Amino acid sequence: MQYPQRVKYFSLPALASGLIRSIPMLFLASSGHAALAAISCTHAVIVFAAHANSVEARAIAVLREEEARRTGIEWPMQTHQGSDSVSIVVGVRSEVPASLSSPDRAAWLKTATPASAQKPEGFSIETLHAGSATTIVIAGNDPRGALFGVGYLLRKLEMDPGQAILPSDLHISTAPEYPVRGVQIGYRFKNNTYDAWTVAQFDQQTRDLAVFGNNTIQVVAPNSDDSATSPLYPAPALETLIGICKSTVAYGLNFDLYYPEMAKDYSDPAQVDAELKKADALFRAFPHIDALYIPGGDPGHTDPRYLLPLVEKEAVVLHKYHPKAEVWISAQGFSAAWFSEFYSILRTQHPAFLTGVFVGPQSRDSFPLQRKMIPARYRLQAYPDTAHTMHAQFALPAWDSAFALSEGREPIDPRPFGETEIYRTFAHLHSGFVVYSEGVNDDVNKILWDQLGWSSAADPAETLHDYSRYFLGAHIGALSSDAFAQGIISLEQNWNGPLLTHSSIDTTLLNFQTMENQASDAQRQNWRFEMALYRAYYDAYIRARLIDATDREQQAMAILRTAPRAGSEDVIGRARAVLQPSPVAADLHHEVESLADQLFHHVGMQLSVAKYGASGIERGANLDRVDVDLNNRAWLNQQFDRIEKLSTETDRQAALAGIVGYEDAGPGGFYDDLGNPSNEPHLVLSSNRTSAPDPQLYATTVNGIADKVPDEGFRISTLTYAETLYDKPLEMIYRDLDPHQHYRLRVTYGGEDYTLPIHLVANDTIEIHPPLHREKNPETLEFDVPQAATASGTLDLKWTRPAGIAGGGRGLQVAEVWLIPDNREAGVQ
């Protein structure tokens, strides 16, 4: 596997010894802050302090190397300002004056941030003009601030081969709102892409994230819920993680360790001792650890009565090697009883070893509730899942089932406005975050969180413009790279609303094809560009297939309706023929296949299990689902096989009528296809009585889909389902019923393969059925509705699962509901 080569590192003396070149300014201006329309930085000179430390040196290397990578021109370096047309002075604030000429020093000191306002990691950038010379001063409040200042300049420069332009003067003084802005890296088999990376690639990832304000890299310890190795590993896990640690520290950033407790029973002293020995060996192996993060679950699952004493012992071990390291813990996967125990321990025992609590997926208590219950002395951090679209912490609540079937749980998922809403919903509750990611599919989302962590007011559109400029260059052919930023926004919008009628998806693809045609070879081979192209082609291909599949099924059903006059044999034969798929949009399919191959070879992205070694289809391998059935062809063919074996034409005609009338609940009856947003009119979508966002969906009904495909013979309506999380009832309300009519209820219980006992009551008091376990998946059952439940003309159905249980909160999943007047048979099962 080949990857793009990195620009090499240069030592500061070597950099400084280069030939100093200059170029006339595009525009002239007087001294001071007079703004220029644009500043040519193509042949700028970097000025740095003679006594710059290693982190400042790394910041300067980032500036020079990333500029050279994009323009092909290496900026010369020197330790004192000369008479060059454009000088870029980089350093810690206290050292900057010594690098400036006398006139610039005096001008800069007038603008300098007061010492009292110099917050950690902050920086200022000032643009000074004196005659035809321009000086751009990047002054960090500390070495890390200098790095982030360099990142800001790189994001704003318009760089293309042979030129670097600053569109206008920069005058900014800024510092981050939140002290922790981190990203988790899982170098393990389950994760897509990362298990194919080298330490050099992780180094580039760390650098790129730092350009956007990231200050923390967290790695998952080798002892997680995963295989010990991966077929794609270029090096053993621990060796790579130690390499990531060294790289992170070299940038002056925080390095943290995520350490799940994987033994079965920590009430057993022997298992505790064994865990402490493993921890000792691992903590000792890392040259530096700033913080230890231990999840209560997902993975692991330990009662807090045993978890906290264990972590206290591990903290002692940790501090032998890393005495300043913080210790964080989460309550993920806790039951209500365990949460109560956890809160009690924190409130009554005040464990001193604990820095704070991070709030992540599988947390049955909401972020606001945890902040309310956990003593204020313990800081809270967010651990947001930015990688997944369903069966997840921030699932898409009404995603079209065709996308859910094909794109799957871990697709390329830029969500600029969705992630911004998620961040801002919880920003007032936490002191920072570490993003939970499974690879690069959520690359945009990680960058968005880093920028929002710097300022919760960050405009996602501006972040995307910076993203496009920095990673692709200022232009894509004759187009501004802002076209790519708009393309990312369009990809998010592709997933809003019904796919069948979403014609703007084709417009999105057309815009990306325009960029593709104008892009340079280097841009077309940029994996970030390839990811967006893949999504655009994939979305359009799935829409084309859905239109075709829907039309074929509608034709088949029209044929079946002629059975009474044409006969069962004739209509079955013609329906089978029309349902037989044929190639659709072959050109789009070819592009999807080609881009998947390029992404594997350019960045190690594994969009297929068989072709590229992904750990599973649900782990980002959606190329394997690109041709999944999008209609009920397989289910219908199974029904036809069954019907053809019936002995009489009367029976065959009745069975065909049952297919045609599958959803028919009769006069005065109702059918809801739960999980299909366009056909669930009686479903209560939200219990949220305010307009406040609910991104974790604690008060919102979720439309989901099972881990199965229609190709296996399932009717799509039995795979899609509605669900609510944790102890919230799933509710349906029927109004204006005939109070004199007796009804039956037919319910299809379907969803994910695990099952919980589900209880159904009407109007809060009348039991329709006691708690029951689904015996197969899916399973359709019928129940009598006592007439007292509908006597008022309103029927309020509520499904519940056992209260207080642990886990991810899922399992209360219902696929279909018929309310059938008692004098009518409905459908076929």
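Conventions used here
- Residues numbered from 1 in each chain as written.
- Predicted model: local features only at pLDDT ≥ 70, side-chain atom pairs only at ≥ 80, totals over all residues.
- Heavy atoms only, no water.
- pLDDT = per-residue confidence, 0-100.
- Contact = heavy atoms within 4.5 Å.
- Helix = DSSP H or I, 4+ residues; strand = E, 2+ residues; numbered from the N terminus.
- Buried < 20%, exposed > 50% of the residue type's maximum accessible area, 1.4 Å probe, protein only.
- 1 Å grid on protein atoms, 1.4 Å probe; cavity = no way out; pocket = protein on both sides within 12 Å on 5 of 7 lines; lining within 4 Å.
- Points joined across faces, edges and corners; volume = space filled by probe spheres on them.
- Pairing = 2+ DSSP bridges.
- Axes fitted to C-alpha atoms, helices over the stretch in contact; angles between N-to-C directions.
- Parallel < 35°, antiparallel > 145°, perpendicular 65-115°, else oblique.
- Left-handed = near helix turned anticlockwise from the far one by under 90°.
- Nonpolar A, V, L, I, M, F, W, Y, C, P; charged D, E, K, R; others polar.
- Expected span 1.5 Å × (residues − 1).
- Core = buried A, V, L, I, M, F, W, Y, C linked by side-chain atoms within 4.5 Å.
- Phe/Tyr/Trp six-rings, centres within 6.5 Å; stacked < 30°, edge-to-face > 60°.
- Lys NZ or Arg CZ within 6 Å of the ring centre and 35° of its normal.

### Let's talk about the confidence of the model for the chain
Phase 1 of the analysis: For the chain, per-residue confidence averages 93 on the pLDDT scale, and 94% of positions sit at 70 or higher.
Phase 2 of the analysis: Taken as a whole, residues 1-35 scores under 50 in pLDDT and shows 99 contacts with residues more than four places along the chain or in a different chain.

### As for unusual backbone geometry
Phase 1 of the analysis: Residues D298 and P299 are joined by a peptide bond in cis, for which omega reads 0°.
Phase 2 of the analysis: By the element assignment, P299 lies in the loop between β13 (291-294) and α9 (304-321).
Phase 3 of the analysis: Between N777 and the following residue, P778, the backbone shows a cis peptide bond with an omega angle of 0°.
Phase 4 of the analysis: Relative to the elements of secondary structure, P778 occurs in the loop between β26 (766-772) and β27 (779-785).
Phase 5 of the analysis: Phi at E121 takes a positive value of approximately 75°, unusual for a residue other than glycine.
Phase 6 of the analysis: Its place among the elements puts E121 in the loop between α4 (102-111) and β5 (123-130).
Phase 7 of the analysis: Overall, E121 belongs to the buried group, its relative accessible area being 8%.
Phase 8 of the analysis: Here D764, not a glycine, exhibits a phi torsion of approximately 70°, which is positive.
Phase 9 of the analysis: Along the chain, the position of D764 falls in the loop between β25 (758-762) and β26.

### Here we look at empty space enclosed by the protein
Phase 1 of the analysis: Considering all chains together, one arrives at five cavities of 30 Å³ or more under this definition.
Phase 2 of the analysis: Roughly 100 Å³ of volume is contained in the largest cavity.
Phase 3 of the analysis: Along the walls of the largest cavity sit 15 residues, with I412, P414, V444, Y467 and M531 positioned nearest its centre.
Phase 4 of the analysis: For the lining of the largest cavity, the secondary structure elements donating two or more residues are α14 (443-454), α16 (482-494) and α19 (527-560).

### A closer look at the pairing of strand β17 (residues 432-435)
Phase 1 of the analysis: Here β17 shows two buried faces, one formed by G432 and V434 and the other by F433 and V435.
Phase 2 of the analysis: By the bridge criterion, four bridges tie strand β10 (residues 180-185) to β17 in an arrangement that is parallel. Residue R181 lies in a different strand from β17, and its bridge partner there is F433.

### Brief notes about the packing of helix α15 (residues 460-472) against α16
The description of two helices packed together rests on the angle between their axes and the distance between the axes.
Phase 1 of the analysis: Axis separation between α15 and α16 bottoms out at 8 Å; the angle between their running directions is 125°. Compared by their axis directions, α15 and α16 come out oblique. When you trace α15 past α16, the crossing you get is right-handed. On α16, the residues that touch L464, H465, Y467, S468, R469 and L472 of α15 are D482, F484, A485, I488 and I489.
Phase 2 of the analysis: For the contact of α15 with α16, the class distribution of residues is seven nonpolar, two polar and two charged.

### Thoughts on α9
Phase 1 of the analysis: Over its 18 residues, α9 runs 26 Å from end to end, which matches the ideal 26 Å to within 8%, given 1.5 Å per residue.
Phase 2 of the analysis: Among the residues of α9, P304, L307, L308, L310, V311, E314, A315, V317 and L318 are the ones counted as buried.
Phase 3 of the analysis: On its buried side, α9 packs onto α8 (269-285), β13, β14 (326-329) and α10 (336-349).

### Looking at the pairing of strand β23 (residues 730-734)
Phase 1 of the analysis: In terms of burial, β23 is a largely internal element, five of the five residues being buried.
Phase 2 of the analysis: Burial of the side chains of β23 extends over both faces: L730, M732 and Y734 are buried on one face and E731 and I733 on the other.
Phase 3 of the analysis: Inspection of the sheet shows β23 paired to strand β28 (residues 795-800) by five bridges, in the antiparallel sense. By the bridge assignment, E731 is partnered in β28 with K798.

### Focus on the environment of G91
Phase 1 of the analysis: By secondary structure assignment, the location of G91 is in strand β4 (residues 86-92).
Phase 2 of the analysis: Note: C-alpha distance between G91 and I60 (31 residues apart in sequence) is 8.5 Å.

### Let's talk about the sheet that holds strand β9 (residues 171-174)
Phase 1 of the analysis: Spatially, six strands are ordered β3-β2-β4-β6-β5-β9 in an open sheet, and the strand pairing comes out mixed. Because the sheet does not close on itself, it has two edges, and the strands there are β3 (77-78) and β9.
Phase 2 of the analysis: As paired strands, strand β2 (residues 45-48) and β4 are joined by four bridges and run parallel to one another. Bridged to V47 within β4 is V89.
Phase 3 of the analysis: Across the sheet, helix α5 (residues 143-156) lies against β4, β5, β6 (133-140) and β9, angled at about 60° from β5, the strand it touches most.

### A look at the sheet that holds β26
Phase 1 of the analysis: Spatially, the four strands line up as an open sheet ordered β23-β28-β25-β26, and their pairing is antiparallel. For this open sheet the edge positions go to β23 and β26, each flanked by a neighbour on one side alone. The average undirected angle you get between the axes of adjacent strands in this sheet is 10°.

### A few points about the nonpolar core
Phase 1 of the analysis: With 166 residues, the main nonpolar core has C41, L257, F342, F484 and Y534 as its most contacted residues.
Phase 2 of the analysis: The greatest single-element share of this core, amounting to 14 residues, is contributed by α19.
Phase 3 of the analysis: When sequence neighbours within four positions are dropped, the list of residues in contact with F484 reads Y467, S468, L472, I476, F512, M515, R528, F529 and A532.
Phase 4 of the analysis: Among the nonpolar cores identified, the runner-up in size contains 27 residues, and A722, M732, L772 and V814 belong to it.

### Notes on the packing of aromatic side chains
Phase 1 of the analysis: One pass over the full model with this rule turns up 44 aromatic pairs.
Phase 2 of the analysis: Seen in terms of ring centroids, Y662 and Y671 are 6.4 Å apart; in terms of plane orientation they differ by 80°. Their pairing is edge-to-face.
Phase 3 of the analysis: Overall, Y662 belongs to the buried group, its relative accessible area being 3%.
Phase 4 of the analysis: Taking the centre distance of 5.9 Å and the plane angle of 45° together, the rings of F670 and Y734 count as tilted. Note that F670 is positioned in strand β20 (residues 670-673) and Y734 in strand β23, a separation of 64 residues in sequence.
Phase 5 of the analysis: Taking relative accessible area as the criterion, F670 reaches 26% and is therefore assigned partly exposed.
Phase 6 of the analysis: Taking the relative accessible area as the measure of exposure, Y734 reaches 0% and is therefore buried.
Phase 7 of the analysis: Between R58 and the ring centre of Y251, over which it is positioned, the NZ or CZ distance is 4.7 Å.
Phase 8 of the analysis: Lying across the ring of W635, R715 places its NZ or CZ 5.3 Å from the centre.

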